[in-house]
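Chain by chain, the residues:
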Amino acid sequence: MSRSDAETRTGAAPSGVDTSVPHSARIYDWWLGGKDNFAVDRATGAAMLEAIPTLRMMAAENRRFVHRMARYLVTHAGIRQFLDVGTGIPTRPNLHEVAQAVAPQTRVVYVDNDPIVLAHARALMISNPEGRSEYIHADLRDPDRILAEVSRGGTLDLTQPVALTLIAILMLLGDADDPVGRVRALADALPSGSYLVITHPTPDFNPEAVGAAVAAATGNGMTLVPRTRAEVGRFFDGWELVEPGIVPVPAWRPDGDPPADPEAVYYWAGVARKP
């Protein structure tokens, strides 16, 4: 198996990268055809593909959802600020590129804790001159630090509506990490008119296959927690779900005709507005 670009550029992993443990951002990168991944990521990703051969398609559907969601929020909800936690390795078009194509003044703050993502942060900050984008190296488990860094950076105005986007990231927090509490800490800091956006893997459509994929991930030291629709719904408590509610990722406001089998993507998606 060939070495990744991340390995060949430096001859070793970048500082701070633990190549003995897989990371979801790098596994997604490999699934999407990227080169910023390591042997442990490829091995884990391949084992998960054995359990669910359509995972690459599901990852791509998550990206398409991000594009639809961004266009909807900018065009129909008037959102001009995004806080994207769990950004992952940049895949163009990035969130700020999609949003700024509609409203050039849009501002985006990206947050991730993987040093590989940090190495790509410059690409995330190439903003339209009328807007602005920024990268914060921080962990969803520390919402207070995220909020402090956001306030310090000045890219976002937390007195104005913000879209908090959590795309395929909450699965990395086990119940002991209090994922609902972490999300609530961020959401409570946002004003009325803000939006919460979540995609989350689920066992609801194929529990056996998803269980096998989870076993492949956890067997290599990675936390991966799929959740039911009801469990995903808890993250939105107190917020007003935008139609069509919590639905399979491809079924959320699809471009063109509705998908023939949306449940072939084992992810829930939802967007909600803060009253």
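Throughout what follows, the structure given in this document is the object of discussion. Since the structure is predicted, the reported quantities are computational estimates derived from the model, not experimental observations.

1. What to know about helix 9 (residues 179-188)
Along helix 9, the residues classified as buried are Pro179, Val183, Arg184, Leu186 and Ala187. Each buried residue of helix 9 sits inside an arc of 165° when the element is viewed along its axis, so together they form one side. Where helix 9 is buried, its residues meet strand 1 (81-85), helix 8 (143-153), strand 4 (163-167), strand 5 (195-201) and helix 11 (229-234).

2. Concerning a negative patch on the surface
On the surface, Asp204, Glu231, Asp261 and Glu263 cluster together into a patch of negative charge. Relative to the elements of secondary structure, Glu231 occurs in helix 11.

3. Describing the nonpolar core
Within the largest apolar cluster, 90 residues are counted, with the highest numbers of intra-cluster contacts made by Met69, Leu73, Phe82, Leu83 and Leu166. Broken down by element, the residue count for this core peaks at 10 residues, all from helix 4 (residues 55-76). When residues no more than four places from it in sequence are discounted, the contact partners of Leu73 are Gly78, Ile79, Phe82, Ala163, Tyr195, Val197 and Val271.

4. Digging into the pairing of strand 1
Consecutive side chains of a regular strand alternate in pointing toward one face of the sheet and then the other. The element strand 1 is extensively covered by neighbouring structure, given that 5 of its 5 residues are classed as buried. Side chains Gln81, Leu83 and Val85 of strand 1 all project onto a buried face; the interleaved residues Phe82 and Asp84 project onto the opposite face, where all are buried too. Taken together, the 5 bridges between strand 1 and strand 2 (residues 107-112) define a ladder with parallel strand orientation. Each bridged residue has a counterpart across the sheet, and for Phe82 the counterpart in strand 2 is Val108.

What counts and what doesn't
- Residues numbered from 1 in each chain as written.
- Predicted model: local features only at pLDDT ≥ 70, side-chain atom pairs only at ≥ 80, totals over all residues.
- Heavy atoms only, no water.
- Buried < 20%, exposed > 50% of the residue type's maximum accessible area, 1.4 Å probe, protein only.
- Helix = DSSP H or I, 4+ residues; strand = E, 2+ residues; numbered from the N terminus.
- Arc of directions from axis to C-beta.
- Contact = heavy atoms within 4.5 Å.
- Patch = residues over 30% accessible without salt bridge, like charges linked within 9 Å, V, L, I, M, F, W, Y side chains within 5 Å.
- Areas by Shrake-Rupley, 256 points an atom, 1.4 Å probe, with all protein chains shown as cover.
- Salt bridge = Lys/Arg side-chain N within 4 Å of Asp/Glu carboxyl O.
- Lys, Arg positive; Asp, Glu negative; His and termini not counted.
- Charge placed at Lys NZ, Arg CZ, Asp CG, Glu CD.
- Core = buried A, V, L, I, M, F, W, Y, C linked by side-chain atoms within 4.5 Å.
- Pairing = 2+ DSSP bridges.

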